[in-house]
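Observations on the three-dimensional arrangement
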Amino acid sequence: MRLIAPSILAADFNNLSNDIEMINRSEADYVHCDVMDGVFVPNISFGAPIVQAVHQISKKPLDVHLMIVNPEKYIQEFYHSGASIITVHYEACTHLHRTIQQIKELGIKASVCLNPHTPVALLEDIINDLDMVLLMSVNPGFGGQKFIENTYNKAVVLKEMILLRNSNALIEVDGGINFEVGKKLYDSGVDILVAGSFVFGSTDPAETIAQFKEL
Ligand code: DX5
Ligand code: ZN
C-alpha cells in the first residue's frame, strides 16, 4: 500500500480549518495528529480538544500519535475525540499488551511506535496484535528534522517479521520525509508515510500529497 498521512503539526494553527479542508480535497489517506506532553518529548503540541475539533471537519480518518507518558490514561478520551488509529510509544508503556488490547476493545486500530534507538525485534511477541507499527525516523518532538538513514534497515527487518509471522500490521514511517526518502521507503515495503513540513512548506500542499501517491 502507498498511503500518505499529512501531519498537522506543520499546519497553520491560525487557520487550521483551511488546512483540514485542503486535506479533505486532497488524496491524503489520513490526518496525522501529533500529541506531545512536554514530558515524553521536550515539546508540547496539542491535546484532545484540538483533535476533536479536527474530527468535526475532517473527512479523512484521524491517525493519532501519542507522544505522552502513561498513554493508557488517555485512550478513552482520544477515542471520544474521533481517533481511528491510536499509536502509543513502546518506550512509554510498561504493560504494552494491555494498552494495545484497551485500544482494540474500542473497535479502532492499535499501533505501536518505536523511537530510532528501539530495535524492531522487541515487537516479536506483540506483532500479531497490532494493526500498525510506526517507525520514528527522527527523534520525536519536533517537525522539520533530518531523516535518520538507519530507518531503511528497520523497515526491511520489520517487513520480514510481519511476513514471517503472518501479521496484518501496516508499516508507517514518521519524520524528515520528502519525495526521495519517501520513494525508498515505499520500495522497502512501507505502507504509510507521514509528512509535515515537506507538505505544508510546499507551494501547493494538495499537489505535493498527490505526488507522494505517484512515487
Ligand atoms: C515528530 C512528529 C512528526 C512530525 C513530522 O515528533 O511525530 O509527525 O510532525 O514532521 P516532518 O515531516 O516535518 O519531519
Ligand atoms: Zn507523528
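This text goes with the structure placed above it.
Figured I'd write up the structure that's included with this text. (Residues numbered from 1 in each chain as written. Chains lettered and ligands numbered in written order. Predicted model: local features only at pLDDT ≥ 70, side-chain atom pairs only at ≥ 80, totals over all residues. Heavy atoms only, no water.)

Overview of the coordination of the zinc ion (ligand 2)
For the record, the criterion: Water is not part of the atom set, so a site may look incomplete; the donors themselves are N, O and S atoms within 2.8 Å of the metal, or 3.2 Å for Na, K and Ca. In short, tetrahedral needs four donors with all angles between 85 and 135 degrees, square planar needs four and octahedral six donors with opposite donors over 155 degrees apart and all other angles between 65 and 115, and whatever is left is irregular. For helices the rule is a DSSP run of H or I covering at least 4 residues; for strands it is a run of E covering at least 2, with both sets numbered from the N terminus onward. Relative accessibility under 20% of the residue-type maximum defines a buried residue, over 50% an exposed one, and the middle range a partly exposed one, all with a 1.4 Å probe and only protein chains included.
Coordination of the zinc ion (ligand 2) by the protein is provided by His32 (NE2), Asp34 (OD), His65 (ND1) and Asp174 (OD), with metal-donor distances spanning 2.0 to 2.3 Å. Of note is the zinc ion (ligand 2), whose 6 donor atoms meet at the metal with angles of 68 to 167° in an arrangement that counts as octahedral. The sequence pattern formed by the donor residues of the zinc ion (ligand 2) is H-x1-D-x30-H-x108-D. Residue Asp34 is found in strand β2 (residues 31-36), and its partner His65 is found in strand β3 (residues 62-67); the two are separated by 31 residues along the sequence. For His65, a relative accessible area of 0% gives the class buried.

Some details on the site of ligand 1
Going by this rule: Summary of the distance rule: residues count as near a molecule or strand when at least one heavy atom falls within 4 Å of that molecule or strand. By the criterion applied in these results, polar contacts are pairs of N or O atoms within 3.5 Å in which, for protein atoms, one can donate a hydrogen and the other can accept it, and in which residues neighboring in sequence qualify only through two side-chain atoms. Here the Shrake-Rupley method, with its probe set to 1.4 Å, supplies the accessible areas, and only the displayed protein chains count as covering residues.
In the region of ligand 1, 20 residues are neighbours, and Asp34, Gly141, Gly144, Asp174 and Ser197 sit closest. Within the contact set of ligand 1, an oxygen atom lies 2.7 Å away from a side-chain nitrogen or oxygen of Asp34. Within the backbone of Gly141, a nitrogen or oxygen atom sits 2.8 Å from an oxygen atom of ligand 1. Contact with the protein chains covers 99% of the free accessible surface of ligand 1, which is 380 Å².

Comments concerning the state of the cysteines
Here is the rule we go by: The definition used for a disulfide is geometric: two cysteine sulfur atoms within 2.5 Å.
Taken as a whole, this structure holds 0 disulfides when the rule is applied. Looking at Cys33, it has no disulfide partner, and the nearest cysteine sulfur is the one in Cys113, 15 Å off. The exposure class assigned to Cys33 is buried, which follows from its relative accessible area of 0%. The thiol of Cys93 is unpaired, and the distance to the nearest cysteine sulfur, on Cys113, comes to 11 Å. Cys93 sits in the buried class, given a relative accessible area of 11%.

Regarding the packing of aromatic side chains
How two aromatic rings sit relative to each other is set out by the distance from centre to centre and by the angle between their planes. Threshold: Side-chain rings of Phe, Tyr and Trp (the six-membered ring for Trp) are treated as a pair once their centres are within 6.5 Å; stacked means planes under 30 degrees apart, edge-to-face means over 60, and tilted covers the remaining angles.
Going through the model one piece at a time under the given rule, you end up with 5 aromatic pairs. Each ring, one from Phe179 and one from Phe198, has its centre 4.8 Å from the other, and the planes form 85°; the classification is edge-to-face. You can see Phe179 sitting in helix α6 (residues 179-187) and its partner Phe198 sitting in helix α7 (residues 197-200), a full 19 residues away along the chain. Given a relative accessible area of 29%, Phe198 falls into the partly exposed group. Aromatic ring contacts, followed pair by pair, group Phe179, Phe198 and Phe212 into a single cluster.

Geometric descriptors of this kind do not, in isolation, establish any biological role.
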